[in-house]
Number of protein chains: 2
Amino acid sequence: MSATSRTKAEVTEVQTGVAVQAAGSQPSLVEHESPVPATLGKKGEMTRQQILSAALNLFRERGFDAATMRDIAESAGMSLGASYYYFPSKESIVSAYYDYVQQEHKVRVEREISKAKNLRQRLGIAFHTKLDIIQNDRRLLVALFRYGGDPHHPLSWFGPATSRQRELSMAVFAHALGDQKLPKDVRYFAPLALWALHMGLILYFVNDSSDEQRRTRRLLDGTLDLVTRAFDLATAPVLQPILRPIRKRVTELLTDAGLAPNPG
Amino acid sequence: MSATSRTKAEVTEVQTGVAVQAAGSQPSLVEHESPVPATLGKKGEMTRQQILSAALNLFRERGFDAATMRDIAESAGMSLGASYYYFPSKESIVSAYYDYVQQEHKVRVEREISKAKNLRQRLGIAFHTKLDIIQNDRRLLVALFRYGGDPHHPLSWFGPATSRQRELSMAVFAHALGDQKLPKDVRYFAPLALWALHMGLILYFVNDSSDEQRRTRRLLDGTLDLVTRAFDLATAPVLQPILRPIRKRVTELLTDAGLAPNPG
DNA sequence: GTCTATAAAAAGATAGAC
DNA sequence: GTCTATCTTTTTATAGAC
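Conventions and cut-offs
- Residues numbered from 1 in each chain as written.
- Chains lettered and ligands numbered in written order.
- Predicted model: local features only at pLDDT ≥ 70, side-chain atom pairs only at ≥ 80, totals over all residues.
- Heavy atoms only, no water.
- Helix = DSSP H or I, 4+ residues; strand = E, 2+ residues; numbered from the N terminus.
- Buried < 20%, exposed > 50% of the residue type's maximum accessible area, 1.4 Å probe, protein only.
- Contact = heavy atoms within 4.5 Å.
- Areas by Shrake-Rupley, 256 points an atom, 1.4 Å probe, with all protein chains shown as cover.
- Buried area = accessible area lost by both parts, 1.4 Å probe.
- Salt bridge = Lys/Arg side-chain N within 4 Å of Asp/Glu carboxyl O.
- Polar contact = N/O pair within 3.5 Å; in protein donor to acceptor, adjacent residues only side chain to side chain.
- Nonpolar A, V, L, I, M, F, W, Y, C, P; charged D, E, K, R; others polar.
- Least-squares fit on C-alpha atoms with pLDDT ≥ 70 in both.
- Expected span 1.5 Å × (residues − 1).
- Arc of directions from axis to C-beta.
- Core = buried A, V, L, I, M, F, W, Y, C linked by side-chain atoms within 4.5 Å.
- Axes fitted to C-alpha atoms, helices over the stretch in contact; angles between N-to-C directions.
- Left-handed = near helix turned anticlockwise from the far one by under 90°.
- Phe/Tyr/Trp six-rings, centres within 6.5 Å; stacked < 30°, edge-to-face > 60°.

Caption draft 1: Spatial organisation of the overall build of chain A. The helix and strand tally for chain A stands at eleven helices and zero strands. When its helices and strands are written in sequence order, chain A yields α-α-α-α-α-α-α-α-α-α-α. A burial count over chain A gives 53% of its 264 residues as buried. In chain A, once contacts between residues fewer than 6 apart in sequence are set aside, the share between residues at least 24 apart is 68%. Only carbon and sulfur atoms are counted for the fraction: they give 58% of the accessible area of chain A, which is about 12400 Å².

Below is the structure:
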């Protein structure tokens, strides 16, 4: 379990959610395509962060449904109408959170990836840091899965509205793969496969009631061992006569299914 | 909590919801376990079917969210209160639909499985009949995925409330496997794997806007070709030195993750 | 037993004053 | 930018007719 040794300070940063974000390298965690006035003054930006922070705390405490906009507004020390001024809907708060998660994931992986000595460790960092970031947000993550099956909903994982977040996430996994020697087709689809795997693990994670979700961590480590072995097998010369036609077929299937990255 | 030994008074209490909140538990789950209240007379059963039918039509037309209980009741030719007498919530209608799907799936597979001449064809029947049944219900199926990530919700795929449906579904896939010669561990986890695969395909299916979802059908056929080949490889003697330790590891992982069927 | 009619409450969202 | 007041939709619950 390599990347799981978060310091307390870092965890606290995640828990407050607002992420003190040392020296504004990025403008804001919360620049979604939401109709939020781009012209938020310094004070307005503070207020927005207050609302976001209060909302995330409430989501963590009692879940997405049970936390009402009235509660959020009150907890942030303002009126209901004021909070709607900053977030057009309850879901847009979740979207802002998700943007934050992606940004944080990218930053952490880029920071820690150099410590890894092989593919297994790089994958470990990519996956474990993701879980680290969302460790305390299982009740909130429910809202992210809620619209997964609804292709027309703005928060659907498959919809166009979240394509940016999806691609960012896949880019992180691609980065974690590094210059690993892999067959061309494997390399091409690996980020997608890893993204899908990580979504499945998050689904398990959300449902994992074990202490600090250690079960998910064990499952993850075991799965990554197998994934690494699979990558090894994928390059083993003796197996190529068997594997190459299979890879070819898989590539055709995924492409025909419209699942190829960067379509068109 | 035995769903079969329910007195009439208890059922009424549950359905009106009075005793539910007092107890603080989730007795409404019994609705999922006994989809048709035994206390309904012949006429009542008709009425229930009317409501179910009207609801499904509306769900298909405008989706789960847009169809209100008032619409459903009106479409079924009765009052709001009457429909609540038969279904304690909108979601319980979805649950009834899902019960129907399972039952229909079982019946169809049992009816058609004898036509198949090999494993590939048996799997084809198992998967395609499932898609046949839900072919026109993509907008409705959204509601099935909605609570997938919420372990405490009665309709969560992973929750105890839906375990019966899950096991029924896996049993159908196990039946489709027939007496296919497979390693013991592979056979043990195959129904779970096939169930998971079929859930993933349904997720794709729901998001598939191609004509009559032909894309999903193609993806399914290609995937089943690969699955069949995988089963072949799993039994190929020359590959056992490589595969056996991997299978062993996978078995350990799934068992430790609590994903083994018939736990305990 | 079965159903009608209606009320009350909750929560998301908005309008307009300041 | 922030507030108060209000709207709208939906669900839960119940009284009581037949």
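Moving on, there is more to tell.
Caption draft 2: Inspection of the side chain of S169 of chain A at higher detail. All names here are of chain A. With respect to the helices and strands, the residue S169 is situated in helix α8 (residues 163-177). A residue is classified by how much of its surface remains accessible, and S169, at 0% relative accessible area, is buried. Contacts of S169, omitting those with residues within four sequence positions, involve Q102, K130, W195 and H198.

Caption draft 3: The interface of chain A and chain B, seen in detail. Between chain A and chain B, the contact holds 34 residues from the first and 34 residues from the second. For the chain A and chain B pair, buried surface summed over both sides reaches about 3000 Å², with 66% attributable to carbon and sulfur atoms. Between D256 of chain A and R218 of chain B there is a salt bridge; the shortest N-O distance is 2.7 Å. Counting every contact that joins chain A to chain B gives six residue pairs in polar contact (both at pLDDT 80 or more). Elements supplying a minimum of two residues to the side of chain A that touches chain B: α7 (138-146), α9 (184-206), α10 (214-235) and α11 (240-256) of chain A. Tallying contributions element by element places α10 of chain A first for the side of chain A that touches chain B, with eight residues. Of the residues in the side of chain A that touches chain B, the class split is 20 nonpolar, seven polar and seven charged.

Caption draft 4: The relation of the copies chain A and chain B, seen in detail. It takes a turn of 180° to lay chain A on chain B, together with a shift of 0.1 Å along the axis; the resulting RMSD is 0.2 Å. Here the transformation between the copies is reduced to the relation of a two-fold axis. Taking C-alpha positions as reference, the residue of chain A nearest the rotation axis is R146 of chain A, located at 2.1 Å.

Caption draft 5: The arrangement of helix α13 (residues 240-256) of chain B in detail. All names here are of chain B. With 17 residues, α13 ought to run about 24 Å at 1.5 Å a step, and its terminal C-alpha atoms sit 23 Å apart, in line with that. Where α13 is concerned, the buried positions are Q240, I246, R247, L253 and L254. Looking straight down α13, one finds that the buried residues subtend no more than 155° of arc, so they occupy a single side. Exposed side of α13, more than 90 degrees from the buried face: P241 and K248 are the residues found there.

Caption draft 6: Seen up close, the nonpolar core. Counting 143 residues, the largest nonpolar core has F59 of chain A together with F59 of chain B as the members making the most contacts within it. Leave out the neighbours within four places in its chain, and F59 of chain A touches F64, A67, I72, K90, I93, V94, R139 and L140 of chain A.

Caption draft 7: Main features of the pattern of salt bridges. Residue and element names in this part refer to chain A. With the rule as written, the count across this model stands at 32 salt bridges over all chains. A salt bridge links E104 to R108, with the nearest nitrogen and oxygen atoms 2.9 Å apart. Note that E104 and R108 are positioned in helix α5 (residues 90-112) at a spacing of four residues, about one turn of the helix. Using a relative accessible area of 1% as the deciding quantity, one classes R108 as buried. Connected via shared salt-bridge partners are R120, D221 and D225.

Caption draft 8: Local environment of the packing of α8 of chain A against α9 of chain A. All names here are of chain A. Where α8 contacts α9, the axes come no closer than 9 Å and their chain directions differ by 115°. For the pair α8 and α9, the crossing hand works out as right-handed. Residues R166, S169, M170, F173, A174 and L177 of α8 form the contact with α9, whose participating residues are R187, A190, P191, L192, L194, W195 and H198. Tallied by class, residues from the contact of α8 with α9 come to nine nonpolar, two polar and two charged.

Caption draft 9: Fine view of unusual backbone geometry. All names here are of chain A. A positive phi angle, close to 50°, is found at E212, a residue other than glycine. One can find E212 in the loop between α9 and α10. For Q213, which is not glycine, the phi torsion reads 55° and is therefore positive. In this structure, Q213 sits in the loop between α9 and α10. Residue Q213 is classed as buried on the basis of its relative accessible area, which comes to 6%.

Caption draft 10: α11 of chain A, seen in detail. Turning to α11 of chain A, its buried residues number three or more, namely Q240, I246, R247 and L253 of chain A. Phi turns positive one or two residues past the end of α11 of chain A, at G258 of chain A, with a value near 75°.

Caption draft 11: Quick peek at the environment of Y100 of chain B. All names here are of chain B. On the secondary structure map, Y100 appears in helix α7 (residues 90-112). The class for Y100 is partly exposed, based on a relative accessible area of 38%. When the C-alpha positions of Y100 and D65 are compared, they lie 21 Å apart, and in sequence the two are 35 residues distant.

Caption draft 12: Inspection of the side chain of H128 of chain B at higher detail. Tracing the chain through its elements places H128 of chain B in helix α8 (residues 119-134). Setting aside its immediate chain neighbours within four residues, H128 of chain B contacts R217, L220 and D221 of chain B.

Caption draft 13: Spatial organisation of the packing of aromatic side chains. Residue and element names in this part refer to chain A. Within the structure shown, the criterion is met by ten aromatic pairs over all chains. Residues F127 and F173 carry aromatic rings whose centres are separated by 5.0 Å and whose planes lie at 45° to one another, so their mutual orientation is tilted. Of this pair, F127 sits in helix α6 (residues 119-134) while F173 sits in helix α8, and the two are 46 residues apart along the sequence. Each of the two residues, F127 as well as F173, counts as buried. Taking 4.9 Å as the distance between ring centres and 80° as the angle between the ring planes, the aromatic pair formed by Y188 and F189 counts as edge-to-face. Overall, F189 belongs to the buried group, its relative accessible area being 7%.

Caption draft 14: Structural detail: the environment of F87 of chain A. Residues and elements named next belong to chain A. Considering the arrangement of structural elements, one finds F87 in the loop between α4 (80-86) and α5. As a C-alpha pair, F87 and W195 span 108 residues in sequence and 28 Å in three-dimensional space. In contact with F87, other than residues within four places in its own chain, are R48, I51, L52, M69, S92, I93 and A96.

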